[in-house]
2 protein chains.
Amino acid sequence: MGVPSTALFTDHYELTMLQAALEAGSAERRSVFEVFTRRLPDGRRYGVVAGTGRVLDAVENFRFEPDVLHFLRERRIVDEATLQWLAGYRFGGDIWGYPEGEVYFPGSPVLRVEGTFAECVLLETVILSILNHDSAVAAAASRMSSAADGRALIEMGARRTHELAAVAAARAAYIGGFTTTSDLASGYRYGIPTVGTSAHAFTLLHDSERDAFQAQVESLGRGTTLLVDTYDVAEAVRTAVELAGPELGAVRIDSGDLLLVAHRVRQQLDELGATRTKIVVTSDLDEYAIASLRAAPVDAYGVGTQLVTGSGHPTCSMVYKLVARAESADPEAPLLPVAKKSAGGKTSLGGRKWAARRLDENGVAEAEVIGSGPVPDELVDRQLLVQLVKGGQVLTREPLDVVRERHAAALAGLPLSATQLSRGEPVLPTEYA
Amino acid sequence: MGVPSTALFTDHYELTMLQAALEAGSAERRSVFEVFTRRLPDGRRYGVVAGTGRVLDAVENFRFEPDVLHFLRERRIVDEATLQWLAGYRFGGDIWGYPEGEVYFPGSPVLRVEGTFAECVLLETVILSILNHDSAVAAAASRMSSAADGRALIEMGARRTHELAAVAAARAAYIGGFTTTSDLASGYRYGIPTVGTSAHAFTLLHDSERDAFQAQVESLGRGTTLLVDTYDVAEAVRTAVELAGPELGAVRIDSGDLLLVAHRVRQQLDELGATRTKIVVTSDLDEYAIASLRAAPVDAYGVGTQLVTGSGHPTCSMVYKLVARAESADPEAPLLPVAKKSAGGKTSLGGRKWAARRLDENGVAEAEVIGSGPVPDELVDRQLLVQLVKGGQVLTREPLDVVRERHAAALAGLPLSATQLSRGEPVLPTEYA
């Protein structure tokens, strides 16, 4: 959509740093960058890794094509030597990461990128864009999914976020436990099942609500979902069942006191014999509203704004930091741990790190253990990082359903308090070995 | 990037409503849809219309190409008759709107789409995606721009949002008053000036801070911006001026008490004779932090997270509502105003509307006046809606600088309290004539 390569999803300074490093002879030093977050959003118990599959696509497509090079030359962003280097750019290093769908905690090295400084530094912006966005949406989706307690969740947020962010948001929502989406682009791009109901405009287009319902049932069948709150809900439900019979698929309620209205509608549907007609509710729902409707006879929730905006936390605070680099450009030179050390507080831990999740005697996770030395024997089998890219080649592509199941399993392995909606500390402490 | 047409940025139900309306014979009824918001984000004084130019691109490119039709057929989303209709789809109606960059208030009809129900209803999702996202970012940018009071603002948020949302965010930020961006894609796509400094990784890559600064100055020139907070700020500033001389372009501070550190660094630079070397500050700034640094010797602010997430309000609550439609499919049939009327509270005002901004005797705006009848004589010249699309043809394409200047002028025409950062009511009341 107007941008020819993921290489443009890059901050200006990545290229100027590259130029300076190429000239200084430091660009080829072997380097290790890690992606992690210093904290979870306030009060959240866990984070969800999402976007890894999109990162792999972005790395594979990260190419400086002639028109991109032309732009960089014309705007004098870097010199000719750097443009020459960029023209041949292919990421040839290694990437390790938490498998997509895993949970993470403060300090978890969710992605590790290894190669020369030059080839790794360029990937910073696009990797962070993807992981920060997708993980924020997946975290909200996961909480909503716990709150929904097995009821269906429909992602309906496309209209509340950037049109392409919406596609990634639907993907992240599916990973977090959503059932379906309204967004056709995400159905096309990722195969997520799409569904739809009807808007008030459709009812208002017709001479009466009855005409509108009749048109919808005749064209889309009795299994369709009719929107019943354009005028009077009780009358709409009566008309709906009269026209579609007890085979009516569902009714949607988009306003009012949903708890109260859902009870009344359920009772009315049952009295009319439509005992299998479902109730879908929408209307600015978040995880708390979903949870508060547990006692209501609701079959599915449609969620928009709060999902695609991460329910108050539209981005994660993941950073991409150089944690180790070679002493020289010699490929055999040993790696030195490095870290910022100013007084400002934004310090980080140097060194190439492993991570493992330690279990208690009942098999429940009890700590996220991170270290840069040898992995203790008892944690070898509990390591979290897997290799995703080797020598520039993507090793695995995972179906989205595998990722979704992995998330459900990871969440089930945490202490029960993980799914509490109330504010609290991360459900696992991060320990540095 | 993986989606062939803006037609896929559409909710499933738009297509199923189309199918039902085609079958019922109501699809060709002339219709008027309006985009508006019922409220501004809590405490905000005004909204900023942004994304209109992108909406025009999206409408022009809204085509159901063979692979999209194949997807819709295979997934059985609509029937063959509807697919046939979609294959020939071209928007042939009219679009009116507030010019991009204008301010808006609750109820302002920022966009009006007129045509048959069928051709208009399909555009709902993509229009709302664009306007809700871009206007949210522009509103935050506008507040930050007022707070910066003439100092330069650099958009640096690409890594904190979806990679393509970032491109639109940089565009919206520029409209709202930002000076430059770090995002190369937005430079490529929209011609926004791009700039860059340097990251901590660049310093850590080298054997010493001195080596890093030397490499940067040698390659990028003395006018470059050196990052001075990797280790000790005072020592870094001394080294920086020693290497680059008083021609050093700028130093960047990314951590610590920015007010205090900026004062110290300014004093040190002046003592070293680098009186024209500028100071750039970054570190999770929002409009309040920017305002609190007014007394500091800061020349430019780099803003990331809070800008691209709309400073607490990552989306607007704009909706796309049918406000009038013809009695029949006859193109000459008169339009009837329509509106939802349930008890749930989400009511809206029917009828095709005009909007005008009334001025007081000093030429300062005093009310946003909205009506559906004839325009009062004294408001004829103050009308806000302009025609953007006529019979499917886009009438004007505006350079981004024109839009940016329009926003500045619109803001200058509001009462002074518009730029107060404190929470309050919309600075203009909305009056219904």
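Small disclaimer: the values here were computed from a predicted structure and weren't measured.

Basis of the calculations
Residues numbered from 1 in each chain as written. Chains lettered and ligands numbered in written order. Predicted model: local features only at pLDDT ≥ 70, side-chain atom pairs only at ≥ 80, totals over all residues. Heavy atoms only, no water. Helix = DSSP H or I, 4+ residues; strand = E, 2+ residues; numbered from the N terminus. Contact = heavy atoms within 4.5 Å. Areas by Shrake-Rupley, 256 points an atom, 1.4 Å probe, with all protein chains shown as cover. Buried < 20%, exposed > 50% of the residue type's maximum accessible area, 1.4 Å probe, protein only. Pairing = 2+ DSSP bridges. Axes fitted to C-alpha atoms, helices over the stretch in contact; angles between N-to-C directions. Domains from an automatic or database assignment. Salt bridge = Lys/Arg side-chain N within 4 Å of Asp/Glu carboxyl O. Polar contact = N/O pair within 3.5 Å; in protein donor to acceptor, adjacent residues only side chain to side chain. Nonpolar A, V, L, I, M, F, W, Y, C, P; charged D, E, K, R; others polar. Parallel < 35°, antiparallel > 145°, perpendicular 65-115°, else oblique. Buried area = accessible area lost by both parts, 1.4 Å probe. Arc of directions from axis to C-beta. Least-squares fit on C-alpha atoms with pLDDT ≥ 70 in both. Right-handed = clockwise from strand over helix to strand, strands pointing away.

Details of the overall build of chain A
Thought 1: When its secondary structure is counted, chain A shows 15 helices and 18 strands.
Thought 2: Put simply, 74% of the contacts in chain A that link residues at least 6 apart link residues at least 24 apart.
Thought 3: When the accessible area of chain A is evaluated, it comes to approximately 15600 Å², of which 49% is carbon and sulfur surface.

Quick word on the side chain of Thr161 of chain A
Thought 1: Locating Thr161 of chain A in the fold gives a position in the loop between β6 (152-155) and α7 (165-176).
Thought 2: Look past the residues within four positions of Thr161 of chain A in its chain and what remains in contact with it is Ala166 and Val308 of chain A together with Ser129 and His133 of chain B.

As for the environment of Arg264 of chain B
Residues and elements named next belong to chain B.
Thought 1: Structurally, the position occupied by Arg264 is in helix α12 (residues 258-271).
Thought 2: Residue Arg264 is classed as exposed on the basis of its relative accessible area, which comes to 57%.
Thought 3: The sequence separation of Arg264 and Pro297 amounts to 33 residues, and the corresponding C-alpha distance is 9.4 Å.

Notes on the sheet that holds strand β1 (residues 30-37) of chain B
Residues and elements named next belong to chain B.
Thought 1: Taken together, 7 strands build an open sheet; the order of strands is β13-β12-β1-β5-β3-β16-β17 and the sheet is antiparallel. Only two strands of the sheet have a single partner each, and these edge strands are β13 (335-337) and β17 (393-394).
Thought 2: Inspection of the sheet shows strand β3 (residues 94-97) paired to strand β16 (residues 386-390) by 3 bridges, in the antiparallel sense. If you follow Gly97 over to β16, its bridge partner there is Val386.
Thought 3: Contacts between helix α2 (residues 52-60) and the sheet are confined to β3, β5 (111-116), β16 and β17, with β16 contributing the most and set at about 15° to the helix.

Focus: the domain arrangement of chain A
Residues and elements named next belong to chain A.
Thought 1: Examined at the domain level, chain A breaks down into domain 1 (6-124 + 321-432) and domain 2 (137-312).
Thought 2: Taken over C-alpha atoms, the centre of domain 1 sits 38 Å from the centre of domain 2.
Thought 3: If you look at the interface, domain 1 gives 19 residues, while domain 2 gives 24 residues.
Thought 4: Linking domain 1 with domain 2 are 2 salt bridges, by the criterion used here.
Thought 5: Arg189 is the salt-bridge partner of Asp57, the closest N and O atoms lying 3.6 Å from each other.
Thought 6: Between the two partners, domain 1 and domain 2, sit 11 residue pairs in polar contact (both at pLDDT 80 or more).
Thought 7: Put simply, the parts of the chain that give the side of domain 1 that touches domain 2 at least two residues each are α2 (52-60) and α15 (400-412).
Thought 8: Grouping the constituent residues of the side of domain 1 that touches domain 2 by class yields 7 nonpolar, 6 polar and 6 charged.

Focus on the packing of helix α1 (residues 12-24) of chain A against helix α4 (residues 80-87) of chain A
Geometrically, a packed helix pair is captured by the angle between its two axes and the distance between the axes.
Residue and element names in this part refer to chain A.
Thought 1: Where α1 contacts α4, the axes come no closer than 10 Å and their chain directions differ by 105°. Classified by the angle between their axes, α1 and α4 sit roughly perpendicular to one another. Residues Leu15, Leu18, Gln19 and Leu22 of α1 form the contact with α4, whose participating residues are Thr82, Trp85 and Leu86.
Thought 2: Here the contact of α1 with α4 is built from residues that sort into 5 nonpolar, 2 polar and no charged.

Some remarks on the interface of chain B and chain A
Accessible area lost during the coming together of the parts is what is often quoted as the interface size.
Thought 1: With 107 residues of chain B in contact, the opposing surface of chain A contributes 107 residues.
Thought 2: Interface area, chain B with chain A, both sides summed: about 8600 Å², of which 60% is carbon and sulfur.
Thought 3: Across the contact surface, chain B and chain A share 14 salt bridges.
Thought 4: Two residues, Arg159 of chain B and Glu124 of chain A, come together in a salt bridge whose shortest N-O distance is 2.9 Å.
Thought 5: The greatest single-element share of the side of chain B that touches chain A, amounting to 11 residues, is contributed by helix α1 (residues 12-24) of chain B.
Thought 6: Here the residues of the side of chain B that touches chain A are counted per class, giving 45 nonpolar, 36 polar and 26 charged.

With respect to helix α3 (residues 66-74) of chain A
Thought 1: Here α3 of chain A has its buried residues at Val68, Leu69, Phe71 and Leu72 of chain A. Down the axis, α3 of chain A shows its buried residues gathered within 155° of arc, on one side only. In α3 of chain A, those exposed residues whose orientation departs by more than 90 degrees from the buried face are Pro66 and Glu74 of chain A.
Thought 2: Buried residues along α3 of chain A sit in contact with α1 and α4 of chain A together with α8 (184-190) of chain B.

A look at the relation of the copies chain B and chain A
Look at the two chain copies: a rotation about an axis and a shift along it is all it takes to match them.
Thought 1: Overlaying chain B on chain A yields an RMSD of 0.0 Å, the required transformation being a rotation through 180° with an accompanying axial translation of 0.0 Å. Overall, the copies show the geometry of a two-fold rotation axis.
Thought 2: Taken as a fraction of all interface residues of chain B, those also at the interface in chain A reach 100%, which identifies the copy contact as same-surface.

Section: the packing of α1 of chain A against helix α10 (residues 209-220) of chain B
Thought 1: Interhelical geometry of α1 of chain A versus α10 of chain B gives an angle of 105° and a closest axis separation of 8 Å. Considered as vectors, α1 of chain A and α10 of chain B are oriented roughly perpendicular to each other. Counting all contacts with α1 of chain A, which are made through Thr16, Gln19, Ala20, Glu23 and Ala24 of chain A, the residues of α10 of chain B involved are Ala215, Gln216, Glu218, Ser219 and Leu220 of chain B.
Thought 2: Grouping the amino acids of the contact of α1 of chain A with α10 of chain B by side-chain chemistry returns 4 nonpolar, 4 polar and 2 charged.

What about the pairing of strand β9 (residues 250-253) of chain A?
Regular strands place their side chains on alternate faces of the sheet.
Residues and elements named next belong to chain A.
Thought 1: Of the two faces of β9, both are covered, the one formed by Ala250 and Arg252 as well as the one formed by Val251 and Ile253.
Thought 2: When strand β8 (residues 225-227) meets β9, the two strands line up parallel, connected through 3 bridges. The residue bridging Leu226 from the neighbouring strand is Val251, located in β9.
Thought 3: In this structure, β9 lies alongside strand β10 (residues 278-281), joined through 4 bridges in parallel fashion. Note on β10: the bridge partner recorded for Ile253 is Val281.
Thought 4: On the question of chirality, the crossover connecting β9 to the parallel β10 by way of helix α12 (residues 258-271) is right-handed.

What about the sheet that holds strand β15 (residues 365-371) of chain B?
All names here are of chain B.
Thought 1: Reading across from one edge, β14-β15-β18 is the order of the 3 strands in this open sheet, with mixed pairing throughout. Each of the sheet's edge strands pairs with one partner strand only, and the pair in question is β14 (354-359) and β18 (430-432). Averaged over all pairs of adjacent strands, the angle between strand axes in this sheet comes to 30°, irrespective of strand direction.
Thought 2: As paired strands, β14 and β15 are joined by 6 bridges and run antiparallel to one another. Bridged to Arg357 within β15 is Glu368.

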